[in-house]
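Observations on chain architecture
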Amino acid sequence: MTKQIVLASGNMGKAREFGEILSPLGIEIHLQKEFDVPEVAENGLSFMENALIKARHAAKYSKMPALADDSGLCVDALDGAPGIFSARYCGQWGKDQENNAKLLKALEGVPAEKRTARYYVALAYVRSEYDPVPIVVTGSWEGSIATKALGSGGFGYDPLFLVTGRNCTAAQLPAQIKNTISHRARALALLVSELKRAQEI
């Protein structure tokens with residue numbers, strides 16, 4: 001039987017990644033806009049807090065189980081920035097090119113060995129708005145920041161994210177490879193194992 005879950009996001013790139021990974025397991029993802037879920041203030045101080053805020057909000061309006069992720073890029077030379085502000089680093093939401101340009105500017109003159117970074121994600125799954133035992137998992141993906149954008153795949157900071165041990169950016173990886181090694185793939189694998197353990201899928 002297919003399990004229906006609302007994804008607390010309007011990001012089509014994320015929705016595509018989630019769908020490619022979860023659909024073979026009998027999980028059907030619906031975007032929250034199908035249920036006219038209004039925007040919610042992501043005022044948590046961590047990826048985990050923001051993921052829970054979004055998941056509970058989507059469950060409230062959709063009356064369905066909800067899954068949210070809060071993710072971003074943490075650059076060591078910038079003390080973890082852009083971090084939870086990754087999607088709005090340039091001052092506006094979801095402007096990938098502008099965010100990438102600001103990041104390159106911030107790292108001007110920083111040598112390659114000090115451009116280390118990682119993608120980080122927290123996933124929160126709630127069965128209802130007031131679920132007292134949400135499932136929360138995290139995942140990370142090590143890399144460094146290139147000096148220019150490379151590749152046309154992925155989204156967000158992928159064209160700048162040099163994957164450790166791969167000699168390419170995340171935007172140069174085929175989707176089927178990215179979907180097995182990324183921070184989101186790792187966190188989703190943990191989520192799936194938790195859902196199976198709880199006999200929910």
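Here is a short report on the structure shown in this document. On a predicted model such as this, the values are computed, not experimentally measured, just so you know.

**A closer look at the sheet that holds strand 4 (residues 116-126)**
- Here we have six strands laid out as an open sheet, ordered 2-1-3-4-5-6, and mixed in their pairing. One side of each edge strand has no neighbouring strand; the edge strands of this open sheet are strand 2 (27-31) and strand 6 (161-163). Across this sheet, the average inter-strand angle for adjacent strands is 40°, counted without regard to direction.
- Both strand 5 (residues 135-145) and strand 6 contribute to a ladder of three bridges, which runs antiparallel.

**A word on the pairing of strand 1 (residues 3-7)**
- Counting buried positions over the five residues of strand 1 gives four, a clear majority of the element.
- Note: strand 1 against strand 2, five bridges, orientation parallel. Looking across to strand 2, one finds that Leu7 is bridged to Leu31.
- With helix 1 (residues 12-22) bridging strand 1 and the parallel strand 2, this β-α-β connection has right-handed handedness.
- Sheet topology note: the strand 1/strand 3 (residues 66-75) ladder contains two bridges and is parallel. Residue Val6 lies in a different strand from strand 3, and its bridge partner there is Ala66.

**Details of the side chain of His30**
- Structurally, His30 can be placed in strand 2.
- You can call His30 buried: its relative accessible area is 14%.
- Not counting chain neighbours up to four residues away, the residues in contact with His30 comprise Gln4, Ile5, Val6, Leu7, Phe35 and Met64.

**Looking at unusual backbone geometry**
- Omega for the bond connecting Ala81 with Pro82 falls within 30 degrees of zero, at 0°, which places this linkage in the cis form.
- Mapped onto the fold, Pro82 is located in the loop between strand 3 and helix 3 (96-106).
- Even without a glycine there, the phi angle at Asp36 is positive, about 50°.
- The residue Asp36 is located in the loop between strand 2 and helix 2 (47-62) in this model.
- In the Ramachandran plot, Lys63 falls in the positive-phi region, its phi being about 60° despite a non-glycine side chain.
- With respect to the helices and strands, the residue Lys63 is situated in the loop between helix 2 and strand 3.
- Lys63 gets classed as exposed once you look at its relative accessible area, which sits at 69%.

**Concerning helix 1**
- Every buried residue of helix 1 is listed here: Gly13, Lys14, Ala15, Glu17, Phe18, Gly19 and Leu22.
- Among the structural elements, strand 1, strand 2, strand 3, strand 4, helix 4 (175-181) and helix 5 (183-197) are those in contact with the buried residues of helix 1.

**Digging into the pairing of strand 4**
- Burial analysis of strand 4 places eight of its eleven residues in the buried class, the great majority of the element.
- With ten bridges connecting them, strand 3 and strand 4 associate as antiparallel partners. Bridge pairing links Cys74 to Arg118 in strand 4.
- For strand 4 and strand 5, the ladder comprises ten bridges, and the chain directions are antiparallel. Each bridged residue has a counterpart across the sheet, and for Ala117 the counterpart in strand 5 is Gly143.

**Quick word on the pattern of salt bridges**
- Under the defined criterion, the tally for this structure stands at twelve salt bridges.
- Across the pair Asp158 and Lys178 runs a salt bridge, and its minimum N-O distance is 2.5 Å. Here Lys178 lies in helix 4 and Asp158 lies in the loop between strand 5 and strand 6, a separation of 20 residues in the sequence. The same class applies to Asp158 as to Lys178, namely buried.
- Salt bridges sharing partners connect three or more residues here, namely Glu17, Asp69, Asp158, Lys178 and Arg184.

**Examining the nonpolar core**
- Ranked by internal contacts, the top residues of the largest apolar core, which has 19 residues, are Phe18, Leu22, Leu67, Leu123 and Leu191.
- Listed by contribution, the elements that provide at least two residues to this core are strand 1, helix 1, strand 2, strand 4, strand 5 and helix 5.
- Looking at this core, the element that brings in the most residues is helix 5, giving five residues.
- Among residues more than four places away in sequence, those in contact with Leu191 are Leu67, Leu123, Tyr125, Ile135 and Val137.
- Counting 18 residues, the second largest nonpolar core, distinct from the first, contains Leu107, Trp141, Val163 and Ile181.

Conventions used here
- Residues numbered from 1 in each chain as written.
- Predicted model: local features only at pLDDT ≥ 70, side-chain atom pairs only at ≥ 80, totals over all residues.
- Heavy atoms only, no water.
- Pairing = 2+ DSSP bridges.
- Helix = DSSP H or I, 4+ residues; strand = E, 2+ residues; numbered from the N terminus.
- Axes fitted to C-alpha atoms, helices over the stretch in contact; angles between N-to-C directions.
- Buried < 20%, exposed > 50% of the residue type's maximum accessible area, 1.4 Å probe, protein only.
- Right-handed = clockwise from strand over helix to strand, strands pointing away.
- Contact = heavy atoms within 4.5 Å.
- Salt bridge = Lys/Arg side-chain N within 4 Å of Asp/Glu carboxyl O.
- Core = buried A, V, L, I, M, F, W, Y, C linked by side-chain atoms within 4.5 Å.

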